[in-house]
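Observations on the model geometry
Each chain, written out:
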Amino acid sequence: MSQTHSADYIVIGGGTAGLVVASRLAQNSSQQVIVLEAGEDFKERAELLAPGGSFSNMFNPEFLWDISTVPQTSAEGRMIPLFRGKGLGGCSLLKSRGVQRYFFFDKFGNKTWNWKELLPYFKKVWIMHTLSETFVATPEELAMADIVPDLSVHGSNGPLPATLPTMYNNLHKPLFESFKSLGVPANSDPSAGNLHGVWTSKNIIDPNHKIRVSSARGYLDPLSEHSNLQVVTGAHVTRITFKTNAITREQVAETVEFVKEGQLNNVSCSKEVVICSGTYMTPQILENSGIGDPAILRKYGIPVVLELPGVGNNFQDHIYVSSSFELKDGNTSWDQIRDPIVLAREMEAYQKTSLGMLSAIPMDFCYMDFKDKMLISKATKEACQLARKKTTILICLKFWLYEPNFDTSLYTRILHVNLFIDVAGIPYTAGKQHFSLVAVVPHPVSRGAVHIQSADPLVMPAINPRFFSEAVDLDVMVKGLDLVRQIASSSPIKELVQSQTNPAPGADLEAYARDNVQSNHHPVGTACMLPKKDGGVVGPNLKVHGTENLRIADASVLPLELAAHTMATVYAIAEKAADMILSKM
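Treat the numbers as computed from the prediction; the structure is a model and nothing was measured.

This part is about the overall build of the protein. Secondary structure summary: the protein contains 14 helices and 22 strands in total. In the protein, which comprises 585 residues, the proportion classed as buried is 62%. Here the contacts in the protein between residues at least 6 apart in sequence split such that 74% fall between residues at least 24 apart.

As structure tokens, then:
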């Protein structure tokens, strides 16, 4: 038997964005807000609190949706695993990085979605734990990270702490110096919007207790006494039902259906429904509700409520390929934590003192210009060809990447990971110490799609990113792998390296990239913020085209992949969405 509930606002998805939107709306005690989250409340689970445990939880099925891509034609037919948090806090429950920002979507006609307009929302999210009144970073720690915070771009009383690592090993400084020897400058604060250079990532970690801070801990916990905010876990949303406004002919969201413990439930909405289910699940909910490409909906017998062909298309994701290096004796990395004895020792130290390897995530980023005229020429030509036959998105991609006077260019991102990353056919060798350098394509040209593959709303959608479907992405990746070799062969880091573990010297880098490409887990674009004629799904107010009271506030609205991690931007989108809803924009 079904159960019926009611609320002023219904938020679908209690992840990174959903809990921000819900908490801001619920601060008005006269508004009834309900959050529907398919996962459970894991925020007190010990294995999720320790920052250094990030990698061990990356594919723990208890905390994640069990999803992967369809076989990727240009990646040797592999089905590539995908990472999406399932539980209160979503991906923020499992990730602590992401204090990186970049935004300029006013170029798409969305006039209030630019750096100037978004900066107040970025600042609203963060407490900057460096030189503010809650100072926790010593001058030595700032010097170690080469960080000089620009306090004008940081918040001082937000719900999330932005902190620097408090623990490094002997690879950090040599690696920085090797980047500099190749002409890459240090970036004193990438949070100011310019990512170029080498820098140490800030993390979202409580500086006093050294625990990861998710949206559940930062936004939901402070409202635990608010009776007007109801959070329902284990609630898998199946569809939204609509009525038609007789005057405007717009669709009005009336109820949200969800399954909990095998029982069908309904929540009726008096004001707005906000979908915050992410790039994979948001288009699935729309299509199950009859919003999307009619051909796809009719294929599965779903009545067409609203024709929006852009739903599920324009999918983009960062992709990476790792290279690993064995260290000479006497040098250590986080690899040692794979040893059960070392792990037990570090866990004891962390539990007793909040210190040790499990208390930190030291990670370095480098954004490098290629300055490769042949590659830039090829990329420009390919982008121009795509732009001619497609839409505004690819025209803007060309502008973003290749205009000579714009402040970005054809980039690769190199990420330092302080352990061995397994690749095809090369397992980790116990007792050895490694580090990895990861080449990332920040602005992929390839476009994919996410669509339902069954009329059953509990069946996961088909996710096809079409990695390397555009040749320029493979060219950029191979160039990035070549740069990784140059970095590891530069002093002073080369003096610490015993040998390169993968790819092997002389390996075919193109074949290696196809064999080992992975998602960097920053999917965007499947409900993008563009005019309907350009394949858009939402307008600048985040309302779904043709609807009166249905908004989307998650990474699916981003029309173009950012160079940065997406988490900080998702927080800012959610903060802005809440403001727009409260001001009835």
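Here the focus is the confidence of the model for the protein. Across the protein, pLDDT averages 85, with 85% of residues at or above 70. Note on residues 130-136: pLDDT is under 50 here. Beyond four places in sequence and across chains, it has 16 contacts.

Attention now goes to the pairing of strand β14 (residues 319-327). Counting buried positions over the 9 residues of β14 gives 9, a clear majority of the element. Residues Ile 319, Val 321, Ser 323, Phe 325 and Leu 327 point to one face of β14 and Tyr 320, Ser 322, Ser 324 and Glu 326 to the other, with burial holding for every one of them. Bridge count between β14 and strand β17 (residues 434-441): 8 bridges; the pairing is antiparallel. Looking at β17, one finds that Phe 325 is bridged to Phe 435.

Once that is clear, we can look at the packing of aromatic side chains. Here the structure, examined in full by the defined rule, presents 5 aromatic pairs. Ring centres of Tyr 219 and Tyr 571 lie 6.0 Å apart, and the angle between their planes is 15 degrees; on these two criteria the pair is classed as stacked. Here Tyr 219 is found in helix α6 (residues 215-220), whereas its partner Tyr 571 is found in helix α14 (residues 567-582), with 352 residues between them in sequence. No difference in accessibility class separates Tyr 219 from Tyr 571, as the two residues are buried. If you follow Lys 86 out to its NZ or CZ, it ends over the ring of Trp 65, 4.4 Å from the centre. The ring of Trp 113 is capped by Lys 576, whose NZ or CZ atom sits 5.1 Å from the centre of that ring.

Among the residues of helix α3 (residues 115-125), those classed as buried are Leu 118, Leu 119, Tyr 121, Phe 122 and Val 125. Where α3 begins, the side chain of Asn 114 points an oxygen toward the backbone nitrogen of Lys 116, at a separation of 3.3 Å.

Overall, the coordinates contain 15 salt bridges when judged by the stated rule. The residue Glu 177 makes a salt bridge to Lys 180 at a minimum N-O spacing of 3.5 Å. You can see Glu 177 and its partner Lys 180 sitting in helix α5 (residues 172-181), 3 residues apart, about one turn around the helix. For Glu 177, a relative accessible area of 36% corresponds to the partly exposed category. Put simply, Glu 346 and Arg 345 hold a salt bridge, and the shortest N to O gap is 3.2 Å. Accessibility expressed as a relative area gives 9% for Glu 346, which makes it buried. For Arg 345, a relative accessible area of 45% gives the class partly exposed. Taken together, the shared-partner salt bridges connect Arg 24, Lys 124, Glu 575 and Asp 579 into one network.

Let's shift gears to empty space enclosed by the protein. As enumerated under the stated definition, the model contains 6 cavities of 30 Å³ or more in all. Taken as a whole, the largest cavity encloses approximately 580 Å³ of empty space. Together, 40 residues line the largest cavity, and Arg 84, Gly 85, Cys 276, Ser 277 and Gly 278 are the ones closest to its centre. Breaking the lining of the largest cavity down by element, the ones donating at least two residues are α1 (16-26), β9 (236-244), α7 (278-288) and α14. For the lining of the largest cavity, the leading source of residues is α7, giving 6 residues.

Before going further, it helps to examine helix α12 (residues 471-488). Taking 1.5 Å of rise per residue, the 18 residues of α12 would be expected to cover 26 Å, and the 26 Å separating its terminal C-alpha atoms lies within 8% of that figure. If you check which residues of α12 are buried, you get Val 472, Asp 473, Leu 474, Asp 475, Val 476, Met 477, Gly 480, Leu 481, Leu 483, Val 484, Ile 487 and Ala 488.

Inspection of the secondary structure assignment puts His 522 in the loop between β21 (518-519) and β22 (550-552). Reaching out from His 522, the side chain makes a polar contact with the side chain of His 318 at a distance of 2.8 Å. Polar contacts involving the side chain of His 522 include one to the main-chain carbonyl oxygen of Asn 520, which spans 3.3 Å.

Moving on to the packing of α12 against helix α13 (residues 509-516). The geometry of α12 relative to α13 is characterised by a closest axis approach of 9 Å and an angle of 105 degrees between their N-to-C directions. Judged by the angle between their axes, α12 and α13 are roughly perpendicular. On the side of α12, the interface is formed by Leu 474, Met 477, Val 478, Leu 481, Asp 482 and Arg 485, while α13 contributes Leu 509, Glu 510, Tyr 512, Ala 513 and Arg 514. Split by residue class, the contact of α12 with α13 holds 7 nonpolar, no polar and 4 charged.

All right, on to the environment of Ala 564 then. Locating Ala 564 in the fold gives a position in the loop between β22 and α14. We classify Ala 564 as buried; its relative accessible area is 0%. Between the C-alpha atom of Ala 564 and that of Gly 193, which follows or precedes it by 371 residues, the distance is 9.4 Å.

Another aspect to go through is the side chain of Lys 576. Summarising the element assignment, Lys 576 is placed in helix α14. Here the side chain of Lys 576 touches Thr 112 through a polar contact of 3.5 Å, landing on its backbone oxygen. Excluding residues within four positions of it along the chain, Lys 576 makes contact with Thr 112, Trp 113, Leu 118 and Tyr 121.

Our focus in this paragraph is the packing of α3 against α14. One way to put it is that α3 packs onto α14 with a least axis distance of 8 Å and a crossing angle of 105 degrees. Overall, the two elements α3 and α14 adopt an arrangement that is roughly perpendicular. The segment α3 lies against α14, with Leu 118, Tyr 121, Phe 122, Lys 124 and Val 125 engaging Ala 568, Thr 569, Tyr 571, Ala 572, Glu 575, Lys 576 and Asp 579.

Among soluble globular proteins, nonpolar side chains are generally buried collectively. Of all hydrophobic cores here, the largest spans 76 residues; its most connected members are Ile 10, Val 21, Leu 36, Ile 240 and Leu 542. With sequence-adjacent residues up to four places away left out, Ile 10 is seen in contact with Ile 34, Leu 36, Val 256, Val 267, Ser 268, Cys 269, Glu 272, Val 273 and Val 274.

Note that the residue after Ser 491, namely Pro 492, is joined by a cis bond; omega there is 5 degrees. With respect to the secondary-structure elements, Pro 492 resides in the loop between α12 and β20 (497-502). Look at Lys 210: it is not a glycine, yet its phi comes out positive at around 55 degrees. Structurally, Lys 210 can be placed in the loop between β7 (197-200) and α6. Of note in the backbone geometry, Leu 542 takes a positive phi value of approximately 70 degrees without being a glycine. Following the sequence through the fold, Leu 542 ends up in the loop between β21 and β22.

Thresholds applied
Residues numbered from 1 in each chain as written. Predicted model: local features only at pLDDT ≥ 70, side-chain atom pairs only at ≥ 80, totals over all residues. Heavy atoms only, no water. Helix = DSSP H or I, 4+ residues; strand = E, 2+ residues; numbered from the N terminus. Buried < 20%, exposed > 50% of the residue type's maximum accessible area, 1.4 Å probe, protein only. Contact = heavy atoms within 4.5 Å. pLDDT = per-residue confidence, 0-100. Pairing = 2+ DSSP bridges. Phe/Tyr/Trp six-rings, centres within 6.5 Å; stacked < 30°, edge-to-face > 60°. Lys NZ or Arg CZ within 6 Å of the ring centre and 35° of its normal. Polar contact = N/O pair within 3.5 Å; in protein donor to acceptor, adjacent residues only side chain to side chain. Salt bridge = Lys/Arg side-chain N within 4 Å of Asp/Glu carboxyl O. 1 Å grid on protein atoms, 1.4 Å probe; cavity = no way out; pocket = protein on both sides within 12 Å on 5 of 7 lines; lining within 4 Å. Points joined across faces, edges and corners; volume = space filled by probe spheres on them. Expected span 1.5 Å × (residues − 1). Axes fitted to C-alpha atoms, helices over the stretch in contact; angles between N-to-C directions. Parallel < 35°, antiparallel > 145°, perpendicular 65-115°, else oblique. Nonpolar A, V, L, I, M, F, W, Y, C, P; charged D, E, K, R; others polar. Core = buried A, V, L, I, M, F, W, Y, C linked by side-chain atoms within 4.5 Å.

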